[in-house]
Amino acid sequence: MSRTAEPIDALVVGAGPAGLMAAEVISAAGHSVMVAEAKPSPARKFLMAGKSGLNLTKNEPMERFLKAYEPLHPTVSAALQAFGPQEAMAWAEGLGQEMFTGSSGRVFPKVMKASPLLRAWLARLETQGVTLWRNWRMVGLGESVAFETPGGPVNMQAKTVILALGGASWARLGSNGDWVEMLAPYVESAPFAPSNVGLLMDWTPHMAAHFGRPVKGVKLTAGTYESRGEFVISARGLEGGGIYAVTRGLREGAMLHLDLLPDWEPEKLKQALIQRKSKETLTKFLKRVLRLAPEKTALVMEFAGPRPDDLLRSLKALEIKGAGLRPMDEAISTAGGARFESLTNRLEARRKPGLFLAGEMLDWDAPTGGYLLTACLATGRLAGEGALTRLS
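Heads up: these notes are all about the structure in this document. (Residues numbered from 1 in each chain as written. Predicted model: local features only at pLDDT ≥ 70, side-chain atom pairs only at ≥ 80, totals over all residues. Heavy atoms only, no water.)

## Describing the overall build of the chain
Logical step 1: A tally of regular secondary structure across the chain gives 14 helices and 23 strands.
Logical step 2: Overall size of the chain, expressed as C-alpha extent along the three principal axes, is 85 × 40 × 35 Å.
Logical step 3: Here the chain holds 392 residues, and the buried ones make up 54% of them.
Logical step 4: Expressed as a percentage of contacts within the chain between residues at least 6 apart in sequence, the contacts between residues at least 24 apart total 71%.
Logical step 5: Only carbon and sulfur atoms are counted for the fraction: they give 51% of the accessible area of the chain, which is about 17600 Å². (Helix = DSSP H or I, 4+ residues; strand = E, 2+ residues; numbered from the N terminus. Buried < 20%, exposed > 50% of the residue type's maximum accessible area, 1.4 Å probe, protein only. Contact = heavy atoms within 4.5 Å. Areas by Shrake-Rupley, 256 points an atom, 1.4 Å probe, with all protein chains shown as cover.)

## Description of the pairing of strand S9 (residues 145-149)
Logical step 1: Of all the five residues making up S9, four are buried; the element is thus mostly covered by neighbouring parts of the structure.
Logical step 2: Note that strand S8 (residues 137-141) and S9 share four bridges and pair antiparallel. Directly across from Arg137, in S9, lies its bridge partner Glu148.
Logical step 3: Where S8 hands over to S9, the hairpin turn is made up of three residues, counted between the paired strands.
Logical step 4: Pairing of S9 with strand S10 (residues 152-156), which is carried by five bridges, proceeds in the antiparallel orientation. Residue pairing across strands places Val145 opposite Met156, the latter belonging to S10.
Logical step 5: Counting the residues in the hairpin turn of S9 and S10 gives two residues. (Pairing = 2+ DSSP bridges.)

## With respect to the packing of aromatic side chains
Logical step 1: With the rule as written, the count across this model stands at 10 aromatic pairs.
Logical step 2: Geometrically, the ring pair formed by Tyr69 and Tyr371 is edge-to-face, given 5.8 Å between the ring centres and 90° between the ring planes. Here the residue Tyr69 occupies a position in the loop between helix H3 (62-67) and helix H4 (74-82), and Tyr371 occupies one in helix H14 (residues 371-391), the gap between them amounting to 302 residues.
Logical step 3: Looking at Tyr69, the relative accessible area reads 1%, which means it is buried.
Logical step 4: Assessed through its relative accessible area of 7%, Tyr371 is described here as buried.
Logical step 5: Ring geometry for Phe100 against Phe108: centres 5.8 Å apart, planes inclined by 25°, an arrangement best described as stacked.
Logical step 6: On the accessibility criterion, Phe100 (30% relative accessible area) is partly exposed.
Logical step 7: The class of Phe108 is buried, set by a relative accessible area of 14%. (Phe/Tyr/Trp six-rings, centres within 6.5 Å; stacked < 30°, edge-to-face > 60°.)

## A look at H14
Logical step 1: Spanning 21 residues, H14 covers 30 Å between terminal C-alpha atoms, matching the ideal 30 Å at 1.5 Å per step.
Logical step 2: The element H14 is largely enclosed, with a buried count of 17 among its 21 residues. (Expected span 1.5 Å × (residues − 1).)

## Re the sheet that holds strand S13 (residues 199-200)
Logical step 1: Taken together, five strands build an open sheet; the order of strands is S14-S17-S18-S13-S21 and the sheet is antiparallel. Looking at the sheet topology across the chains shown, the edges are occupied by strand S14 (214-215) and strand S21 (324-325).
Logical step 2: With two bridges connecting them, S14 and strand S17 (residues 231-234) associate as antiparallel partners. Counterpart to Val215 in the pairing with S17 is Phe231.

## Some points on the sheet that holds strand S20 (residues 318-320)
Sheet strands line up and pair through hydrogen bonds in the backbone, either parallel or antiparallel.
Logical step 1: The four strands lie next to each other as S16-S15-S19-S20, forming an open sheet whose pairing is antiparallel. Here the strands that pair on one side only, and so sit at the sheet edges, are strand S16 (225-227) and S20. In this sheet, neighbouring strand axes are inclined to one another by 25° on average, regardless of whether the strands run parallel or antiparallel.
Logical step 2: Across four bridges, strand S15 (residues 219-222) lies against strand S19 (residues 256-259) in antiparallel orientation. In the sheet register, Lys219 faces S19, and the bridge partner there is Asp259.
Logical step 3: Along the sheet face, helix H12 (residues 294-304) touches S19 and S20 and points at about 70° away from the line of S20. (Axes fitted to C-alpha atoms, helices over the stretch in contact; angles between N-to-C directions.)

## A closer look at the environment of Ala114
Logical step 1: One can find Ala114 in the loop between strand S6 (106-109) and helix H6 (115-127).
Logical step 2: Sequence spacing of Ala114 and Pro294 is 180 residues, and the spatial spacing of their C-alpha atoms is 36 Å.
Logical step 3: Ala114 has contacts with Phe46, Leu47, Gly50 and Leu54, leaving out every residue within four places of it along the chain.

## Structural notes on unusual backbone geometry
Logical step 1: Residue Glu70 is joined to Pro71 through a cis peptide bond whose omega torsion reads -5°.
Logical step 2: Note on placement: Pro71 falls in the loop between H3 and H4.
Logical step 3: Located in the positive-phi region is Ala43, a residue other than glycine, with phi close to 55°.
Logical step 4: You can see Ala43 is positioned in the loop between strand S3 (33-36) and helix H2 (44-50).
Logical step 5: Residue Ala43 is classed as buried on the basis of its relative accessible area of 4%.

## Describing helix H10 (residues 266-273)
Logical step 1: Three or more residues of H10 are buried, namely Leu269, Ala272 and Leu273. Projection of H10 onto a plane perpendicular to its axis shows the buried side chains occupying an angular sector of 100°, all on one side. (Arc of directions from axis to C-beta.)

## Some words on the packing of helix H11 (residues 282-290) against H12
Logical step 1: Contact geometry of H11 with H12 gives a least axis separation of 10 Å together with a crossing angle of 145°. For the element pair H11 and H12, the recorded crossing hand is right-handed. The residues of H12 that touch H11, namely those facing Leu282, Thr283 and Leu286, are Thr297, Val300 and Met301.
Logical step 2: Here the contact of H11 with H12 is built from residues that sort into four nonpolar, two polar and no charged. (Left-handed = near helix turned anticlockwise from the far one by under 90°. Nonpolar A, V, L, I, M, F, W, Y, C, P; charged D, E, K, R; others polar.)

Don't take any of this as a statement about function, it's just geometry.
Here is the structure:
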């Protein structure tokens, strides 16, 4: 038999960056806040991101920063302009984490870990009176919020409810998209799709020698999306930041093209190609004249063959044929989710006043490189402020 807990001011479901930020905003104003997390520990995806250094944000002009989210909904734009790169850095430093900006503009804690920041954050929330319940899985939403807990079923009543349940990738870390059906009476959702995800390739045997090698100094293009990031050739295909940045174009059906010599103007390259000797193999020529790295040469051979019809095009716009997106659960993030038309500009459900949504469960998309985390924090902050307005 389920028990009904005492009503509280704010119930936050999901202890990731968005949920914890909402809890911070509301508790700082003196309201009682409870955070319910389905997993045994909070912010698992946040900690996983921290294994590679915790790229918190991107230190660049706001106009360029916002461009990474295109097409950008006005609500997310407003959230990011109120809490963008500078605010994210100041927030982390306020938790005692010294930050630094790399040569690419990416911002990391100097310790290159997420755990110290998370520990400091949780300590501050505890000081502000936030209660965190672990292994509380939301199973129903109506007049109250129903949970399965280690102590049995519990119904929670709260003046405001903030959901930060994540998208539909990395289910083992807590994001599985199961909330869509539960929220259907109140919020319309766009179908989920993989974002920031690698490509599956069926390689020919000669590529095995290049598995694990990074490909640097290239420009990737898929439809209207471009990237100068690097990627890695793996046994399963291609992966890395350069690929992730053009996922949206690939998802829309665009072909992936690689410019293997982006700093060479076509005319300069055309003159270099004239130098090829009549009996010289393509591999030797590319190494001798163009100093092309072995992994780049391997890609040319894989997709254009040893005798390309148009070598200039193969070097400046190599078509990566036969690539497919990896499964959604392998994606770093997902597109789709709760449609903004169902929400106010404070992220409150129009059909259920007092219910707010934040983070990756919203229908927005962005590449890695600090953009994802900053937007999760920013929308969590916006939802928290919306809850404060409702409480007052």
